[in-house]
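# Architecture at a glance
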Amino acid sequence: MNTQPLAGITIAVTRPVDQAQSLCEAITHLGGKAVLFPLLAITPLENYSAFEQLLSQLEATDWAIFISSNAVNYAMPRIIKHFGNIPENLKFAAIGYQTAKELGHYGVHNVLIPHTRFDSETLLALPEMHDVTNLKVAIFRGEGGREVLADTLKSRGANVYFAECYRRINPQTNTDLLNDLWKKGQLHAVIVTSSEAMRYLIDLAGTSEWLRHITLCVNHARIAEWPLQFGLKVLVANAPGDEAMLEAIATKLFLHPDSHK
């Protein structure tokens with residue numbers, strides 16, 4: 001059994017710095033080299049007054065849906081501080097396992113989550129998200145983001161409001177680091193795990209030659225849609241989670257010409 005299936009492969013990881021460590025360590029453990037190139041940085045809101053005002057609605061809210069671990073960590077301390085505890089009327093849902101795990105750190109253990117893909121569509125497919133007529137739903141997220149969750153719940157009769165509690169920014173101004181690595185034969189793949197980060201990457205890289213030769217590794221078909229429109233090489237993991245991502249890279253990366261010099 002090959003214990004270092006990523007030997008000789010350099011992979012750029014585009015997650016926020018504080019969310020990239022475990023993936024970088026896993027790449028190194030499997031023999032690869034990880035290069036941290038965050039395309040997203042998570043920052044607090046400049047002003048939380050609007051968010052604090054929304055919290056008063058939670059006592060009349062049926063479902064609190066958390067889009068990310070960041071939403072949990074920016075919102076839950078303020079919720080607990082506002083009420084002194086967690087409102088007993090609230091039912092909780094999360095976009096995936098990691099987000100539910102973060103809720104557990106704040107004493108919320110009964111959390112509705114999807115069990116196949118971790119995305120809005122799979123959460124919406126659960127029976128509990130169909131029977132929402134006249135229910136009030138709060139969606140905790142960062143500024144902006146996809147509207148499909150709210151739009152679908154509204155179409156099913158729910159009263160939905162957003163509780164935006166953090167910002168996402170792009171800390172990069174160019175892709176020179178990735179270009180330089182590729183020219184030296186030291187960049188073979190870039191892991192991108194959000195559509196927003198993918199947009200930033202393609203906007204920054206433009207028509208750069210390196211982008212056409214490396215493989216973009218993603219964990220959801222939705223993230224692959226835009227780079228595929230540009231004719232870029234994309235590898236989609238078969239399941240959520242870092243393990244599935246690294247397995248896909250280890251077993252399928254060499255199927256893409258030029259991805260490993």
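Residues numbered from 1 in each chain as written. Predicted model: local features only at pLDDT ≥ 70, side-chain atom pairs only at ≥ 80, totals over all residues. Heavy atoms only, no water.

### Things to note about the pairing of strand β8 (residues 159-164)
Pairing analysis gives 6 bridges linking strand β7 (residues 136-141) to β8, with the strands arranged parallel. Across the sheet, residue valine 137 finds its bridge partner in β8, namely valine 160. For the segment spanning β7, helix α6 (residues 148-155) and β8, crossover handedness is right-handed. (Pairing = 2+ DSSP bridges. Helix = DSSP H or I, 4+ residues; strand = E, 2+ residues; numbered from the N terminus. Right-handed = clockwise from strand over helix to strand, strands pointing away.)

### So, the pattern of salt bridges
Within the structure shown, the criterion is met by 6 salt bridges. Linking glutamate 52 and arginine 78 is a salt bridge whose minimum nitrogen-to-oxygen distance equals 4.0 Å. Note that glutamate 52 is positioned in helix α2 (residues 49-55) and arginine 78 in helix α3 (residues 69-83), a separation of 26 residues in sequence. Glutamate 52 sits in the partly exposed class, given a relative accessible area of 31%. Relative accessible area serves as the criterion here: at 24%, arginine 78 is assigned to the partly exposed category. Through salt bridges with shared partners, one network takes in Arg141, Glu147 and Glu164. (Salt bridge = Lys/Arg side-chain N within 4 Å of Asp/Glu carboxyl O. Buried < 20%, exposed > 50% of the residue type's maximum accessible area, 1.4 Å probe, protein only.)

### Here we look at the nonpolar core
Counting residues in hydrophobic clusters, the biggest one holds 29 residues, and the most contacted among them are Leu58, Phe66, Ile79, Phe92, Leu103 and Phe140. Those elements that provide at least two residues to this core are α2, β4 (63-66), α3, β5 (91-94), α4 (97-104), β7 and β8. Here the element with the most residues in this core is α3; it accounts for 7 residues. For leucine 58, the residues in contact, after removing those within four places along its chain, are Ile79, Phe83, Pro87, Asn89, Leu90, Ala138, Phe140 and Tyr161. If you look at the next biggest cluster of nonpolar residues, it comprises 25 residues, including Leu39, Trp182, Leu201 and Ile223. (Core = buried A, V, L, I, M, F, W, Y, C linked by side-chain atoms within 4.5 Å. Contact = heavy atoms within 4.5 Å.)

### Some words on the sheet that holds strand β1 (residues 10-13)
Spatially, 5 strands are ordered β2-β1-β10-β11-β12 in an open sheet, and the strand pairing comes out parallel. Single-partner strands in this sheet number two, and they are β2 (33-36) and β12 (233-236). Along the sheet, successive strands turn relative to each other by an average axial angle of 30°, direction set aside. Here strand β11 (residues 215-218) runs beside β12; their pairing, made up of 4 bridges, is parallel. Residue pairing in the sheet places threonine 215 in a bridge with lysine 233 of β12. Of the strands in this sheet, β1, β2 and β10 (189-192) touch helix α1 (residues 17-29), which is tilted by about 165° from β2. (Axes fitted to C-alpha atoms, helices over the stretch in contact; angles between N-to-C directions.)

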